[in-house]
Amino acid sequence: MRPARAGGVMTPPIAGQPLLEVDHVTKRYRKVVALDDISFNITDGITGILGENGAGKSTIIKILLGLLHPTSGTAKVLGTIAADSVAVRARVGYMPEHDCLPSQVSAAEFLTHMAEVSGLPPDMARTRAADTLRHAGLFEERYRAIGGYSTGMKQRVKLCQALVHDPAFVFLDEPTAGLDPTGREEMLSLIRKTHREFGISVLFSSHLMADVERTCDRIIVLHGGRLAHSGEVAHFTKETETVFIEVDTNRAELVAALERRGVRVTPDGGGLTVQGSDQSIYDQVRDALVEAEAPLRRMAPRRRELTELFEGRE
Amino acid sequence: MTGTVFDIGYQSYTGQREGRSRSRRAVYKDGIRASLGTGRGGRAKILPWVFISVLAAVGLIMALVAGAVNRFVGQGMADQLNLPTHSDYNGIASIIMFVFAALVGPELLCRDRRDGVINLYLVRPLTGSDYIAARWAAFLTVVTAAAWLPQLILFIGLWLSAPVPMDYLGAHWLDIPRFLAAGFAMAAYATTLALLTASFTSRRAYASVFLVGLFLISTPFTIGLAMEIGGTAGRWISMFNLSNIPVHVNDVIFGDVSEITEEAPAGELPAWVRVAWWFGWTVVPGLVLWARYRRLTP
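Residues numbered from 1 in each chain as written. Chains lettered and ligands numbered in written order. Predicted model: local features only at pLDDT ≥ 70, side-chain atom pairs only at ≥ 80, totals over all residues. Heavy atoms only, no water.

Caption draft 1: Representation of the side chain of B:S238 within the structure. Among the structural elements, B:S238 can be located in helix 11 (residues 231-238). Ignoring anything within four residues of it in the chain, the contact list for B:S238 reads B:A226, B:A264, B:P265 and B:A266. (Helix = DSSP H or I, 4+ residues; strand = E, 2+ residues; numbered from the N terminus. Contact = heavy atoms within 4.5 Å.)

Dropping the structure here:
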């Protein structure tokens, strides 16, 4: 975990303790239940929060930022109940999904101001603004008015304003929204850099599973205001105990040959899925292919994808 | 000799974090800069500086006229001819100041909401109340300075052009706290109304047009109606002349009637009523403004 830094306004995080703690949080808006008894902890790293529109992603982020009070339950950020004090916000950053940048001022001016608003003294704010823009690849453009920036550059300025005060934790709300493939790749790379090089932990909300899969260490999946899944991304996407086989002909003979060898085989679209991924299964598949005289088109270990989380397949 | 540039990588911030007080000061400072167009493009500077220059020019012209009268008509004649002075200045400049507040004030709130920057303020160690208080204080500072600067120019002009400057200072030193108090009253009123109007729209132009229209329309409308009805009711109708409300306070402070309000029936009401009326028109809109931002969330 990133070492604690002098805050002056709150107790710094202690190594090993969760940075975010959500304990049985429910949020109701009259008859609508936005969050229903959600509990999870987030420690160091990049965590993705996945869900469709209306799943409760923004609501939980707003509760963690102390902007909304939960109807019941507690949400703690860096050991402090989020809604109890605005001081904790000096140690977190937030990148909203929607436009939030002034068009008239330069990136350097804007970031310096935002660092000051986060509590940094003016001299340090100026230094931090320049450093943050340099790390985001905007140093050369820092004195240009933000209104003249491209979408990708604006998105990077949005990330910079969330990082300029060197938070312990940063919330990113749909950071790749509206970006072209190049811009998206740059943004994902910057998010990885935020944790791996800057040491800032990230909660990254998205509905793009590919982004989460490529960037995050852990995921939290919300569905209809409820916690559908949570855990390591590797757990969800690890190679499962299956091998996918596709043959040109003699498929039925191949199934029979595999079953004679005691291998569990199930049809999967145009191919077959064979249980087990250790070396012996490949030997058995090879022998069955020879026996059935089935020409092999494709054979590969099968990976489970995050999309399956929403399709109810595990 | 050639140097080598090393990339020392990302440096964590280990210095002091000053929390909410620094946040408030930063929003206040930015409010002043936004009001004056500092750190923005050239176009953002035109409006505030034109108005500040016009206000200062009025004070300067009044000082020059007094100086010229003393020099070319006769020593001490400026005082005897009863030329417009500090009390009259506030009456003359009040409408310019209201238009200034109406055109520039909304810039502090409307742009933050239109650009979405307000969402970034509200996730920092700052509440909606802190934000609006800092913005209000920032614009109040600018408008107060714009109100005081010409009065200072006028005072210095009158003082230096007097036949015996030290006698003038002895006789008129009380004008200084008076014009400071009257300028503050005018600025507080104009600031609050300008920002309250701006809190209802993200378009600066809408807020400005509404405010200018309100000040301009209320004057002939209330004057005409007050004249028509007359009596106590007429005096109270005259109190709704929005551009005169702080000028009545100016009259109370100087113990004089300025040229703008000498015909106004509201001037016949007791001094405390006129001051309370100004206080209500400043505090109530201020509370409404605060209520609108107090629970604001992104």
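Caption draft 2: The arrangement of the confidence of the model for chain A in detail. Put simply, chain A has an average pLDDT of 86, and 89% of its residues get 70 or more. Within chain A, helix 2 (residues 107-117) of chain A carries the highest mean pLDDT (96), whereas helix 10 (residues 307-311) of chain A carries the lowest (62). (pLDDT = per-residue confidence, 0-100.)

Caption draft 3: Looking closely at a nonpolar patch on the surface. Residues and elements named next belong to chain B. A cluster of nonpolar residues, I217, F221, L225 and I229, forms a patch on the protein surface that exposes about 400 Å² of accessible area. Relative to the elements of secondary structure, F221 occurs in helix 10 (residues 204-229). F221 sits in the exposed class, given a relative accessible area of 55%. (Patch = residues over 30% accessible without salt bridge, like charges linked within 9 Å, V, L, I, M, F, W, Y side chains within 5 Å. Areas by Shrake-Rupley, 256 points an atom, 1.4 Å probe, with all protein chains shown as cover. Salt bridge = Lys/Arg side-chain N within 4 Å of Asp/Glu carboxyl O. Buried < 20%, exposed > 50% of the residue type's maximum accessible area, 1.4 Å probe, protein only.)

Caption draft 4: Up close: the interface of chain A and chain B. Listed by partner, the interface residues are 44 residues for chain A and 38 residues for chain B. Of the roughly 3600 Å² buried between chain A and chain B on both sides combined, carbon and sulfur atoms contribute 55%. Taken together, the connections running from chain A to chain B amount to 2 salt bridges. Counting across the chain A and chain B interface gives 21 residue pairs in polar contact (both at pLDDT 80 or more). Of all the secondary structure elements, the ones that give two or more residues to the side of chain A that touches chain B are helix 2, helix 3 (122-135) and helix 4 (151-163) of chain A. Counting residues per element, the side of chain A that touches chain B draws most heavily on helix 2 of chain A, at 6 residues. (Buried area = accessible area lost by both parts, 1.4 Å probe. Polar contact = N/O pair within 3.5 Å; in protein donor to acceptor, adjacent residues only side chain to side chain.)

Caption draft 5: Here's a closer look at the packing of aromatic side chains. All names here are of chain B. Going through the model one piece at a time under the given rule, you end up with 15 aromatic pairs over all chains. Their ring planes at 10° and their centres at 4.6 Å tell us that F98 and F215 sit as a pair that is stacked. In this pair, F98 sits in helix 4 (residues 86-104) while F215 sits in helix 10, placing the two residues 117 residues apart along the sequence. There is no split in this pair, since F98 and F215 are both buried. Centre to centre, the rings of F240 and W277 are 5.0 Å apart; their planes meet at 80°, and the pair counts as edge-to-face. Here F240 is found in the loop between helix 11 and helix 12 (245-254), whereas its partner W277 is found in helix 13 (residues 271-294), with 37 residues between them in sequence. (Phe/Tyr/Trp six-rings, centres within 6.5 Å; stacked < 30°, edge-to-face > 60°.)

Caption draft 6: Structural context of the pairing of strand 7 (residues 169-173) of chain A. Residues and elements named next belong to chain A. Taken across its 5 residues, strand 7 has 5 buried, putting it largely inside the fold. Alternating positions in strand 7 separate into two faces, F169, F171 and D173 on one and V170 and L172 on the other, with burial throughout. Of the pairings in the sheet, the one linking strand 7 to strand 8 (residues 201-206) comprises 5 bridges and is parallel in character. Bridged to V170 within strand 8 is V202. With respect to chirality, the unit in which strand 7 leads through helix 5 (residues 181-196) into the neighbouring parallel strand 8 is right-handed. (Pairing = 2+ DSSP bridges. Right-handed = clockwise from strand over helix to strand, strands pointing away.)

Caption draft 7: How the structure looks around the environment of B:R204. All names here are of chain B. With respect to the element layout, R204 can be found in helix 10. According to the relative accessible area criterion, R204 is partly exposed, its value standing at 25%. Sequence separation between R204 and R294 is 90 residues, and the spatial gap between their C-alpha atoms is 21 Å. Once you skip the residues sitting within four places of it in the chain, R204 turns out to touch L47, L103, P106, E107 and C110. At 2.6 Å, the side chain of R204 forms a polar contact with the side chain of E107.

Caption draft 8: Quick look at the sheet that holds strand 2 (residues 32-42) of chain A. All names here are of chain A. Ordered by their spatial adjacency, 4 strands build an open sheet running 2-1-4-5, and the pairing between neighbours is antiparallel. Bordering the open sheet on either side are strand 2 and strand 5 (80-81), each of which pairs with just one other strand. Helix 1 (residues 57-64) contacts strand 1 (20-29), strand 2 and strand 4 (72-77) of the sheet and is inclined by roughly 120° relative to strand 1. (Axes fitted to C-alpha atoms, helices over the stretch in contact; angles between N-to-C directions.)

Caption draft 9: Looking closely at the state of the cysteines. Applying the stated rule across the entire model yields 0 disulfides over all chains. B:C110 forms no disulfide, and the closest cysteine sulfur to it belongs to A:C100, at a distance of 18 Å. (Disulfide = S-S within 2.5 Å.)

Caption draft 10: Main features of the packing of helix 12 of chain B against helix 13 of chain B. Residue and element names in this part refer to chain B. As a packed pair, helix 12 and helix 13 sit with axes 9 Å apart at the nearest point and diverge in direction by 140°. Taken together, the axes of helix 12 and helix 13 are oblique relative to one another. As for the relative orientation of helix 12 and helix 13, their crossing is left-handed in sense. For the pair helix 12 and helix 13, contact is made by I245, P246, H248, V249, D251 and V252 and by A271, R274, V275, W277, W278 and W281, respectively. Considered class by class, the residues forming the contact of helix 12 with helix 13 number 9 nonpolar, 1 polar and 2 charged. (Parallel < 35°, antiparallel > 145°, perpendicular 65-115°, else oblique. Left-handed = near helix turned anticlockwise from the far one by under 90°. Nonpolar A, V, L, I, M, F, W, Y, C, P; charged D, E, K, R; others polar.)

Caption draft 11: View of the side chain of B:S258. Residue and element names in this part refer to chain B. Within the secondary structure, S258 sits in the loop between helix 12 and helix 13. The class for S258 is buried, based on a relative accessible area of 0%. Setting aside residues no more than four positions away along its own chain, S258 makes contact with S87, D88, G91, V247, N250 and D251.

Caption draft 12: Looking closely at the sheet that holds strand 6 (residues 92-95) of chain A. All names here are of chain A. Reading across the sheet, the 6 strands line up as 6-7-8-3-9-10 and stay open at both edges, with mixed pairing between neighbours. Edge positions in the sheet fall to strand 6 and strand 10 (226-232), since each has one partner strand and no second. In this sheet, neighbouring strand axes are inclined to one another by 15° on average, regardless of whether the strands run parallel or antiparallel. Direction of pairing for strand 9 (residues 218-223) relative to strand 10: antiparallel, over a ladder of 6 bridges. Bridge pairing in strand 10 links L222 to L227.

Caption draft 13: Local environment of the nonpolar core. With 66 residues, the main nonpolar core has A:F110, A:L111, A:V157, A:I191, B:L109, B:Y121 and B:Y131 as its most contacted residues. When residues in this core are grouped by element, the largest group, 7 residues, is from helix 2 of chain A. Beyond its immediate sequence surroundings of up to four residues, A:L111 is in contact with A:A129, A:T132, A:L133, A:V157, A:C160, A:Q161 and A:V164. Counting residues in hydrophobic clusters, the runner-up holds 54 residues, among them B:A101, B:L108, B:L140 and B:L193. (Core = buried A, V, L, I, M, F, W, Y, C linked by side-chain atoms within 4.5 Å.)

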